[in-house]
Each structure stands twice: as C-alpha cells, then as structure tokens.
Amino acid sequence: MNPFSMLKDRFAKERFSLGLDIGTHSVKAVKLRFVKDTVELCGFDVMPVQTDMVNVLKKISSALKIGTVNIGFCGPATIIRYVEFPRMNNQELKQALKFEAQKHISFLISEINLDAYILKENLADNKMLVMLAGVKKDLVNQRLKLIEDSGLKTNIIDLDSIAMFNAFKFSYLGAEDKTIALLNIGSSVSSLNIVENGILRFSRDIHIAGNNWTQRLMDTFSLDHAAAEELKFKPEGSGLASDGQSRKPDEKRIDKVSVVSESVLSILVKEIRTSFDYFESQSASSVSKIFLSGAGAKFPELKGIFLNLLGVEADYWGPFKNISLANTVDAEKVKELSGQLVVAVGLALRDTDRHG
C-alpha cells in the first residue's frame, strides 16, 4: 500500500472544532481535534471579559489558530421546553413547529430562532416527547456581529444547558441508568439540567450564582471584587502574614465566610428544590445525585451544603474523561480549570460530521 495515500487519508479525516463560551465574567475557548473515533484537546484559553471584546476574541483566535466557532447562549433571552407533540417525523415537525410551539412558549415565534429535537418517539396516545430550544433573534444578531467583527465565522449556535449535557453525555455514559442533575454555577447564571435514563428531561437557568455570593462577601467584609473572590474560595487566606511569616487561620473569619456563603447558597438550593419537586411531580423517578461544575462550584464546602440542605449527594465532574490531551497542553492547568470549561467543551463537541 502506498504510504503517502495512507497519510493523505489520515489528514482528510482530521477536523478541528472550537467551542466559545462567552460568559459575563470570562470567555472560555476549547479547541478539539477529531481523528476517526478519537477526540483530543489541542488547545484552550480563558480570558476575562473586557470592554473591547473584539480584541479579546482576536487574541483567542490567534492563540488557538482557528477561524470558525460554535457559540452558546443562556439567560432570560433563551427558552427550553419539554413538551408532548402528536407523533410525526422530523420533516413534519419542522413544518408544524411554529404552530405547535406557540402554545408552549411565552415569546412570539417571530422574535426567536427556534429549533426542536425529538427525545422520545413512542409515548402513549400516539404522542412523542420534544425539546423546544430558542433564543431571541436580537441577542443572536448582536453575538454574530461580535464574532464577525473579530474576524471569525459562526458554525453552530446552541444553548449552554444543552452543551453542558452533551459534554457530560460524552464522558459519563454510565449515568444512563439513574436520574441525575447537572448544575453549572457561573457568574450570573446557574444552569440546571435533569437527566433521566440518559435523556435530557428538564432545563432551567437560575439567576442566583457566583456574583450574588461575591457581592454578599463584599458587603459583609467591605472588600473589593477581587478580594471577595479570593475570600470565597480561600476563606483561610494565604497562610502568610504581610512580613512573609506563616500565620494561623482566623477561625472567626472562616466561620463568618461560611455563614455568609451558606445564606446565599440556601437561596440557590431552594430554587433547585423547587425544580426537583416539579420534575418529580411529572416523573416516576427522583434525582439521586448532583454533578457540579462552573467557577462557582470550587467552594470547598459546597458538596456538604447540598447534602445537608437538599439531601442529595453532590460531586464534581470534568469534561475530559474521554478526551485525550495533546502533548502541548498544560495538563495541570486543564485539571485546575476543568469545571469551568464544561460548556465550551460541549460546544466544541458539536462537530458537524460527528455530533450534528
């Protein structure tokens, strides 16, 4: 066999995909390489949100050497609904969508970009379970202009909750026999998914997240934003005094941080409990475990708080279980930032040839 033809075939199957997660506090970018049945992380970047976002995206594009991106949306301008439709095929669903969907969403159909996906085809009474997903056109157009002004092209538009689920599904197939929740705690939004038997059944964006927590610490301790962020995740401090000598942790301060943190997290937990109750009223199963991700999930006592207040076990997860790391990638940095890259990974996995 001609070795040059083998080399050509290998590179013909090699593709790259970049997921771009533009949050309110930081921009996360993940570049994946697809070769046959393997996926490799070959680059990533995390940069703070700045006034000049065009410059930020240009830096990311230059560093990762890619010009086409997949983007996601979350927040009040987006919508996800899980509804029963009369059974039909995909083509019929597309034709009936604007008539059927208006019964289930508050936005005018003319105001949003709307899509649908059949989750289960064989329900009782000749029905099927459909996920409706949409985002307001104004927000999409603003984001597309930002991407274009940065010299980039947009490939796929998704919702952050769906991207988070896709990242989890890719690496944690063993969760299919349980009902579990995915909670991604960002700066301004906490995205909640409930997955039943491997199928996404409930999604909600909760507007209690890291910023609420940070603001409460700023007010309580009279700190600026940066100092409050550090206190949130390291309440014991650096362990060094101003003269560089070691010092004992301030136990009273640590306890006060814990009380403040729990007061904010209890509000988040209340919203999660409401979501669980609603889901469980519609289903025969209950949530057995919560998988945590996002920058806000780094709080060391978070798992215990969820167990105490919700009565549900919680654990952290990262999106790279089934994704190899290129030799050029800093493995320690990936481990440190893993939970923050969940949405970006899910977006990057939407490679058109493999994941539709």
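Predicted model only: the values in this text are computed from it and were never measured. (Residues numbered from 1 in each chain as written. Predicted model: local features only at pLDDT ≥ 70, side-chain atom pairs only at ≥ 80, totals over all residues. Heavy atoms only, no water.)

## Observations regarding the side chain of Ser 203
- With respect to the helices and strands, the residue Ser 203 is situated in strand E11 (residues 199-206).
- At a separation of 2.6 Å, a polar atom in the side chain of Ser 203 contacts the side chain of Tyr 82.
- A polar side-chain atom of Ser 203 sits 2.8 Å from a polar atom in the side chain of Asn 193.
- Setting aside residues up to four positions removed in sequence, Ser 203 forms contacts with Ile 80, Tyr 82, Ser 161, Leu 192 and Asn 193. (Helix = DSSP H or I, 4+ residues; strand = E, 2+ residues; numbered from the N terminus. Polar contact = N/O pair within 3.5 Å; in protein donor to acceptor, adjacent residues only side chain to side chain. Contact = heavy atoms within 4.5 Å.)

## Observations regarding the packing of helix H8 (residues 251-282) against helix H9 (residues 302-310)
- At a minimum axis separation of 10 Å, H8 and H9 run at an interaxial angle of 55°. The orientation of H8 relative to H9 falls into the category oblique. For the element pair H8 and H9, the recorded crossing hand is right-handed. Residue-level contacts link Glu 262, Leu 265, Ser 266, Val 269, Ile 272, Arg 273 and Phe 276 of H8 to Leu 302, Ile 305, Phe 306, Leu 309 and Leu 310 of H9. (Axes fitted to C-alpha atoms, helices over the stretch in contact; angles between N-to-C directions. Parallel < 35°, antiparallel > 145°, perpendicular 65-115°, else oblique. Left-handed = near helix turned anticlockwise from the far one by under 90°.)

## Examining the pattern of salt bridges
- One pass over the full model with this rule turns up 14 salt bridges.
- Here Lys 145 makes a salt bridge to Asp 149, at a shortest N to O gap of 2.8 Å. One end of the pair is Lys 145 and the other is Asp 149, both in helix H4 (residues 137-149) and four residues apart, which spans about a single turn.
- Accessibility expressed as a relative area gives 51% for Lys 145, which makes it exposed.
- In this structure, Glu 336 engages Lys 333 in a salt bridge whose closest nitrogen and oxygen atoms are separated by 3.9 Å. With Glu 336 and Lys 333 both in helix H10 (residues 331-337) and three residues apart, the pair spans about one turn of that helix.
- Of the residues examined, Glu 336 reaches a relative accessible area of 53% and is grouped as exposed.
- The exposure class assigned to Lys 333 is partly exposed, which follows from its relative accessible area of 36%.
- Put simply, Glu 14, Arg 33 and Glu 40 are held in one network by salt bridges that share partners. (Salt bridge = Lys/Arg side-chain N within 4 Å of Asp/Glu carboxyl O. Buried < 20%, exposed > 50% of the residue type's maximum accessible area, 1.4 Å probe, protein only.)

## Topic: the sheet that holds strand E3 (residues 38-48)
- The six strands are arranged E8-E4-E1-E2-E3-E14 in an open sheet whose pairing can be described as mixed. Each having just a single partner strand, strand E8 (153-159) and strand E14 (324-325) make up the two edges of the open sheet.
- Relative to E14, E3 runs parallel, the two sharing two bridges. Paired with Glu 40 across the two strands is Ser 324, which belongs to E14.
- Against the sheet, helix H5 (residues 160-171) touches strand E1 (15-22), E3, strand E4 (68-73) and E8, its axis set at about 85° to E8. (Pairing = 2+ DSSP bridges.)

## Points about the packing of helix H6 (residues 210-221) against helix H7 (residues 225-233)
- Interaxial distance between H6 and H7 falls to 9 Å at its minimum, and their mutual angle equals 105°. Compared by their axis directions, H6 and H7 come out roughly perpendicular. Residues Gly 210, Trp 213, Thr 214, Leu 217, Met 218 and Phe 221 of H6 pack against His 225, Ala 228, Glu 229, Leu 231 and Lys 232 of H7.
- Within the contact of H6 with H7, the residues separate by chemical class into six nonpolar, three polar and two charged. (Nonpolar A, V, L, I, M, F, W, Y, C, P; charged D, E, K, R; others polar.)

## A look at the side chain of Ser 283
- Along the polypeptide, Ser 283 turns up in the loop between H8 and strand E12 (289-293).
- For Ser 283, a relative accessible area of 15% puts it in the buried group.
- There is a polar contact of 2.7 Å between the side chain of Ser 283 and the side chain of Glu 196.

## A closer look at the packing of aromatic side chains
- Counting across every chain of the model gives six aromatic pairs.
- Between the aromatic rings of Phe 202 and Tyr 278, the centroid separation amounts to 6.1 Å while the plane-to-plane angle is 50°, which identifies the pairing as tilted. Taken together, the residues Phe 202 in strand E11 and Tyr 278 in helix H8 connect sequence positions 76 residues apart.
- For Phe 202, a relative accessible area of 11% translates into the label buried.
- Across the ring face of Phe 16, the terminal group of Lys 31 is positioned such that the distance to the ring centre comes to 4.9 Å. (Phe/Tyr/Trp six-rings, centres within 6.5 Å; stacked < 30°, edge-to-face > 60°. Lys NZ or Arg CZ within 6 Å of the ring centre and 35° of its normal.)

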